[in-house]
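Reading the structure
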Amino acid sequence: MIRVEVVELVRVRMELVTPFRTAYGVEHGRDVLLVRVDGPDGEGWGECAALTEPRYTAEWADGAAAVTERFLVPALAVACDAGGGGVAAVDVRAALDGIAGHPMAKAALEMAVLDAELRALGEPLGRRLGAVVDRVPAGVSVGATGSIAELCSVVDGYVTAGYRRVKLKIAPGHAVEPVRAVRERHPALALQVDANGSFARSNAAAVTAAAAELAALDDLDLLLIEQPLAADDLLGHAELARRLRTPICLDESIVSVASAAVALALGACSVVNLKPGRVGGLLEAVRIHDLCAAQGIPVWCGGMFETGIGRAANVALAALANFTLPGDLSASARYYRRDIVETPFVLDDGYLSVPPGPGLGVTVDRSALADLGASSRVLRLR
Ligand code: NPG
């Protein structure tokens, strides 16, 4: 329980060190939305995973900032008034769910309250979530490249840097040849692919067409094939899972514990990519982790090019027992020339350390935010 008197919305544009191409388009950087809560018990930070445009899901950074200011902060204020001026992190999601949707915006606010609560208690986030390790294996997601030679060169660089798992983007017509080239170059590398739903088609032939092309991946010893079909096509994924040997993993389809339970019941996936923002918060992510653990379904932590703030939350989450596969958890330098936390994430023998300090365990570098031209809106709750 912490008393919240102020919510600050911080916006900052951060350019990626290299543009990142997916089926959604090319990401050159992020218009980051950070949320800071403050009050007599101290402050806490959260990061919103929404990107600049609503292409991955329906959320986007400006929309998340607007819904936070106009609806979520007032809802938090009502919860604080009911709680004698304070709110417990476990109650934030319920307090916000009178507003429909906007899971990434809600997740950022919950993260900020959780960070503040834990800092006040001197408790690390990992411990609160149930972490069982103090470091997690670093994985890297590689955007689509112009040529196979370029792709192999990029992968070589990450393998040399020590990354323990590589994820490649695939799409119809660009699924097998690039992946086979990387596999031939790195026979023992932990390798997986992500289609971001690009094999989806409007007709029932989607599964047949996808299976025809993706079947060739079954000989490449991949960890998984992520989200080949549309986010809402659970039956299609279940049919595809019956036709392929490589495990199917879902990302965009899994938006809550309830949707995870349906996906597992239908056999739509046998691995789950967990992203706190996509599912509406770290605490919902833990509930999905627990559901999957009970059914023997491994999970791993996905990424949305987070800054050191969101990455600290992801690394703590990825330290839970059923995160048995490396996540899209890379060093700060893989994303940004300069991170906005005082201790950027660096690879150590292919691992990222879970920050040991209270709360997120990172300190926001406000001078870096100022240098990057960050803007701020301070909202008073009372
Ligand atoms: O390393 O944080 C990271 C990025 C990981 O590939 C990554 N994100 O499909 O999960 C994804 C992908 C992505 C999502 C890319 C949305 C672009 C938009």
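Each remark here, short or long, concerns the structure printed above.
Source: prediction; values computed, not measured.

Calculation rules
- Residues numbered from 1 in each chain as written.
- Predicted model: local features only at pLDDT ≥ 70, side-chain atom pairs only at ≥ 80, totals over all residues.
- Heavy atoms only, no water.
- Near = heavy atom within 4 Å.
- Polar contact = N/O pair within 3.5 Å; in protein donor to acceptor, adjacent residues only side chain to side chain.
- Areas by Shrake-Rupley, 256 points an atom, 1.4 Å probe, with all protein chains shown as cover.
- 1 Å grid on protein atoms, 1.4 Å probe; cavity = no way out; pocket = protein on both sides within 12 Å on 5 of 7 lines; lining within 4 Å.
- Sits in = over half its atoms within 2 Å of the grid points.
- Helix = DSSP H or I, 4+ residues; strand = E, 2+ residues; numbered from the N terminus.
- Nonpolar A, V, L, I, M, F, W, Y, C, P; charged D, E, K, R; others polar.
- Domains from an automatic or database assignment.
- Phe/Tyr/Trp six-rings, centres within 6.5 Å; stacked < 30°, edge-to-face > 60°.
- Buried < 20%, exposed > 50% of the residue type's maximum accessible area, 1.4 Å probe, protein only.
- Lys NZ or Arg CZ within 6 Å of the ring centre and 35° of its normal.

The next point concerns the site of the ligand. Around the ligand, the structure places 16 residues, and the nearest of them are Ser-141, Asn-196, Lys-275, Phe-305 and Tyr-335. Contacts to the ligand include Ser-141, whose side-chain N or O atom sits 2.6 Å from an oxygen atom. Between the ligand and Met-304 there is a distance of 3.3 Å, counted from an oxygen atom to a backbone nitrogen or oxygen. In isolation the ligand has 440 Å² of accessible area, and contact with the protein removes 100% of it. Placement of the ligand is best described as lying within the largest cavity. For the shell around the ligand, the secondary structure elements donating two or more residues are strand S2 (6–22) and strand S8 (165–169). Residue composition of the shell around the ligand, by class: six nonpolar, four polar and six charged. Two domains share the shell around the ligand, each providing at least three of its residues, namely domain 1 (2–123 + 364–380) and domain 2 (127–353).

Let us look at the packing of aromatic side chains. Taken as a whole and judged by the stated rule, the model has five aromatic pairs. Note on Tyr-24 and Tyr-56: the rings are 5.9 Å apart at their centroids and 90° apart in plane angle, and the pair reads as edge-to-face. In this pair, Tyr-24 is assigned in the loop between S2 and strand S3 (25–38) and Tyr-56 in the loop between strand S4 (44–48) and helix H1 (61–82), connecting sequence segments 32 residues apart. For Tyr-56, a relative accessible area of 11% puts it in the buried group. Judged by centre distance (5.6 Å) and plane angle (90°), the ring pair of Tyr-158 and Tyr-163 falls under edge-to-face. For the pair Tyr-158 and Tyr-163, a shared accessibility class is recorded, and that class is buried. Over the aromatic face of Tyr-351 sits the side chain of Arg-135, whose NZ or CZ is 3.6 Å from the ring centroid. Directly above the ring of Trp-300 sits Arg-165, whose terminal nitrogen or CZ lies 5.1 Å from the centroid.

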